[in-house]
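# Architecture at a glance
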Amino acid sequence: MKQFVILFSMMFGFITFAFSQTKTTDTISLKDLETPTSPAFMLLDQTPTTIEHPNSSKAFVASVLNTFNTTTGLPQNYAVDFTPFWFVKHPNLTSLSYMGYNADKHKQKIFGNLKLASISFAYITSTDSITKNQINNVAIGLRFNLITIRSKKDIEDLLAANLKAVSLLKELDGGLDAYVDRGLIVTDSALYHKKVQKYYADLASKPAQKNDLRDILNRKPVFTLDGAVGYNNFFLDNNYSNSHFGRFGAWTTLNYAKNLDSLSSDYINFYALGRYISDGTVLVNNKYTTQNYYDFGGKLEFEFRNLSIGYEYIYRSNDLTGTFRSNGQIKYKVSDQVILTGAFGKNFGTNNNLISLLGINWGISTGNEQATIK
Amino acid sequence: MKRTYDTGIDTNQITFGVIVGTVGTAYTSVYLNRSGGQNTKIKESDINSANIQDSIIGDAKTLKNAYLLSRTTIDFSNINPTLWPNQVNIVVIRYHLAGGFSGDQVYNQDIDDMDVVLNGQILVITKPIKLL
């Protein structure tokens, strides 16, 4: 049965893919209203070919220097997405605090993930296909999780896993004391460190006790509020004085997830979305003008083991008029790599506004499935 | 790197504490190593953190010529393995001694105190402090 579904999906997916390739201008991304991971890149028309993700200050400097070295002068294309939290020391941080729990007050820190805000930056040079002018785009963005609230059970599990992890460390420390006298560090420091390395190298060959903390942290929180802002400026003809405002975007996504059964991964999800885009790249009578767009809406989704069914309503207004998108969506995960996606409903605007899709998504579910408008 | 602390006259009450700043799950134990090789555990951290609150560990008379041996073990299983290699650069450990002739002293961990093991999942920091 599974093979039949895959075969059917491949055939239908190929047809959908082929069709969408011929009508690229009529496609929308199902996820393009949600808070983007890297808001700076979202504002650009071109996707950076390579995005650096340095996770230390040294790696960050190295990535910038490499860009300079590989070009004849200033870098022409550079895109980076990083989390400053990982670059600096945190003298008073504890693991519980990092994981969003205040041990002194015995309660979770709902703003605890704000420290993990990420910054995206892109500098991309391209040539306008019509005017043949050189365009230098600079964009910067910030993405953050403002609020995270976990369930009582998840917090209890987190504390239990922390207790288990600390007990294991205490056990390892005691085992190391039995293996090597810690006073050896005073008389022969080199030998002491050699023995510490040997003790842990020997442990690696034995079955390790599982640390559950990451699994618990990866569980879906009950409530999250994410936000992002991005700003883009562009320069024409490689001239600093010929600078123009490009785009500004602000996104927010609120997610409430209720576990339908504490023993399974079935959820009912409610999303509220808000987006504001100010677009200054529109040429009218050879002058750049700015247009504003506002999107508000919500989505209700039932998420079962391999199946999710949802309904989405988004209202969009710009400086002149208002319109809405209303559609139902269905996803079925055949395997971790293969996801069937279907959507039907009305898209924004009054013409060509039918959303009708049945397609297949290969690889990890990115949320960037393309829906063809008919 | 070995550090020294002058405890001063015999009646001085010496206090000691440890503060560990890290994202990883951590545990600290402190032993007193007397001349002759006798080790006695005098402090250990609790389940909330690897910190050890400042408290009296004895008077100068009994501590003189002994070593404080503090060992902190940190497990980074709770973060993405791609972040493990840099943790050795951003972990912070402060050892605080007070009450002796040297007054208030804060020592940080040194590079040669650290052992990175299990591909960076575990970091072991051992700090010897000689009490004069």
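Residues numbered from 1 in each chain as written. Chains lettered and ligands numbered in written order. Predicted model: local features only at pLDDT ≥ 70, side-chain atom pairs only at ≥ 80, totals over all residues. Heavy atoms only, no water.

### A look at the overall build of chain B
Helix and strand content of chain B: two helices and ten strands. The secondary structure elements of chain B, listed N-terminal to C-terminal, are β-β-β-β-β-α-β-α-β-β-β-β. Rg of the C-alpha trace for chain B: 15 Å, near the compact-globule value of 14 Å for 132 residues, within the 12% margin. Expressed along its principal axes, the backbone C-alpha trace of chain B runs to roughly 50 × 25 × 20 Å. For chain B, with 132 residues in total, the buried portion stands at 58%. A sequence separation of at least 24 residues applies to 71% of the contacts in chain B between residues at least 6 apart. Carbon and sulfur atoms form 50% of the exposed surface of chain B, whose accessible area is close to 5,200 Å². Charge separation in chain B, taken as the distance between the mean sites of 11 positive and 12 negative side-chain charges, equals 6 Å. (Helix = DSSP H or I, 4+ residues; strand = E, 2+ residues; numbered from the N terminus. Rg over C-alpha atoms; globule rule 2.2 N^0.38 Å. Buried < 20%, exposed > 50% of the residue type's maximum accessible area, 1.4 Å probe, protein only. Contact = heavy atoms within 4.5 Å. Areas by Shrake-Rupley, 256 points an atom, 1.4 Å probe, with all protein chains shown as cover. Lys, Arg positive; Asp, Glu negative; His and termini not counted. Charge placed at Lys NZ, Arg CZ, Asp CG, Glu CD.)

### Quick word on the interface of chain A and chain B
Contacts between the two partners involve 42 residues from chain A, matched on the other side by 49 residues from chain B. With both sides pooled, the region where chain A packs onto chain B buries about 4,000 Å², and carbon together with sulfur makes up 60% of that total. Of all residues in chain A, A:W86, A:L169 and A:R182 bury the most surface against chain B, accounting for 17% of the area lost on that side. Applying the counting rule to chain A against chain B returns three salt bridges. Here chain A is connected to chain B by 15 residue pairs in polar contact (both at pLDDT 80 or more). Secondary structure elements with two or more residues in the side of chain A that touches chain B: α4 (95-98), α5 (152-179), α6 (184-187), α7 (189-204) and α8 (213-217) of chain A. (Buried area = accessible area lost by both parts, 1.4 Å probe. Salt bridge = Lys/Arg side-chain N within 4 Å of Asp/Glu carboxyl O. Polar contact = N/O pair within 3.5 Å; in protein donor to acceptor, adjacent residues only side chain to side chain.)

### Considering the confidence of the model for chain B
Confidence along chain B averages 92 in pLDDT terms, with 100% of residues attaining 70 or more. On the interface metric, ipTM, the complex scores 0.93, and its pTM is 0.81. (pLDDT = per-residue confidence, 0-100.)

### Quick notes on the pairing of strand β6 (residues 134-149) of chain A
On a regular strand, each side chain points to the face opposite its neighbour's, so the side chains alternate between the two faces of the sheet. Residues and elements named next belong to chain A. Inspection of the sheet shows strand β5 (residues 118-127) paired to β6 by ten bridges, in the antiparallel sense. For I119, the partnering residue across the bridge sits in β6 and is L142. Linking β5 to β6, which pair antiparallel, is a turn of six residues; within it K132 sits at a positive phi near 65°. Of the pairings in the sheet, the one linking β6 to strand β7 (residues 223-236) comprises 14 bridges and is antiparallel in character. Bridge pairing in β7 links N136 to F235. (Pairing = 2+ DSSP bridges.)

### Focus on the packing of aromatic side chains
Residues and elements named next belong to chain A. As enumerated under the stated definition, the model contains twelve aromatic pairs over all chains in all. On the numbers, 5.6 Å between centres and 20° between planes, the contact of F235 with Y240 is stacked. Judged by relative accessible area, which is 15%, F235 ranks as buried. Of the residues examined, Y240 reaches a relative accessible area of 70% and is grouped as exposed. Taken together, a centroid distance of 6.1 Å and an interplanar angle of 55° make the contact between F248 and Y276 tilted. Of this pair, F248 sits in strand β8 (residues 243-259) while Y276 sits in strand β9 (residues 267-284), and the two are 28 residues apart along the sequence. Judged by relative accessible area, which is 24%, Y276 ranks as partly exposed. An aromatic cluster is defined as three or more aromatic residues linked by ring pairs; in this entry it consists of F85, W86 and Y98. Above the ring of F348, the side-chain terminus of R316 is found at 4.0 Å from the ring centroid. Here the guanidinium or amino end of K346 rests over the ring plane of F324, the centre of that ring lying 4.2 Å away. (Phe/Tyr/Trp six-rings, centres within 6.5 Å; stacked < 30°, edge-to-face > 60°. Lys NZ or Arg CZ within 6 Å of the ring centre and 35° of its normal.)

### Section: a nonpolar patch on the surface
All names here are of chain A. On the surface, a nonpolar cluster with roughly 660 Å² of combined accessible area is contributed by Y256, L260, F270, L300, F302, F304, I309 and I330. Positionally, L260 belongs in the loop between β8 and β9. The class for L260 is partly exposed, based on a relative accessible area of 45%. (Patch = residues over 30% accessible without salt bridge, like charges linked within 9 Å, V, L, I, M, F, W, Y side chains within 5 Å.)

### Let's talk about the nonpolar core
Formed by 50 residues in total, the largest nonpolar core has its most connected members in A:W86, B:F16, B:L68 and B:L97. In this structure B:F16 touches B:V30, B:Q53, B:D54, B:S55, B:I57, B:L68, B:S70, B:Y95, B:H96, B:L97 and B:I129, once residues within four positions along its chain are discounted. Formed by 16 residues, the second largest nonpolar core is a distinct cluster that contains A:V180, A:Y199, B:Y67 and B:I122. (Core = buried A, V, L, I, M, F, W, Y, C linked by side-chain atoms within 4.5 Å.)

### Thoughts on the environment of A:N92
Here A:N92 is to be found in the loop between β2 (77-82) and α4. Classification of A:N92 as exposed rests on a relative accessible area of 66%. Filtering out sequence-adjacent residues up to four positions away, A:N92 remains in contact with B:I19 and B:G21.

### Concerning the packing of α5(A) against α7(A)
Residue and element names in this part refer to chain A. It is the contact of α5 with α7, at a shortest axis distance of 10 Å, that shows an interaxial angle of 125°. With respect to each other, α5 and α7 are oriented oblique. Crossing of α5 against α7: the hand is right-handed. Between α5 and α7, the residues in contact are E171, L172, G175, L176 and Y179 and K195, V196, K198, Y199, Y200, D202 and L203, respectively. Here the residues of the contact of α5 with α7 sort into seven nonpolar, one polar and four charged. (Axes fitted to C-alpha atoms, helices over the stretch in contact; angles between N-to-C directions. Parallel < 35°, antiparallel > 145°, perpendicular 65-115°, else oblique. Left-handed = near helix turned anticlockwise from the far one by under 90°. Nonpolar A, V, L, I, M, F, W, Y, C, P; charged D, E, K, R; others polar.)

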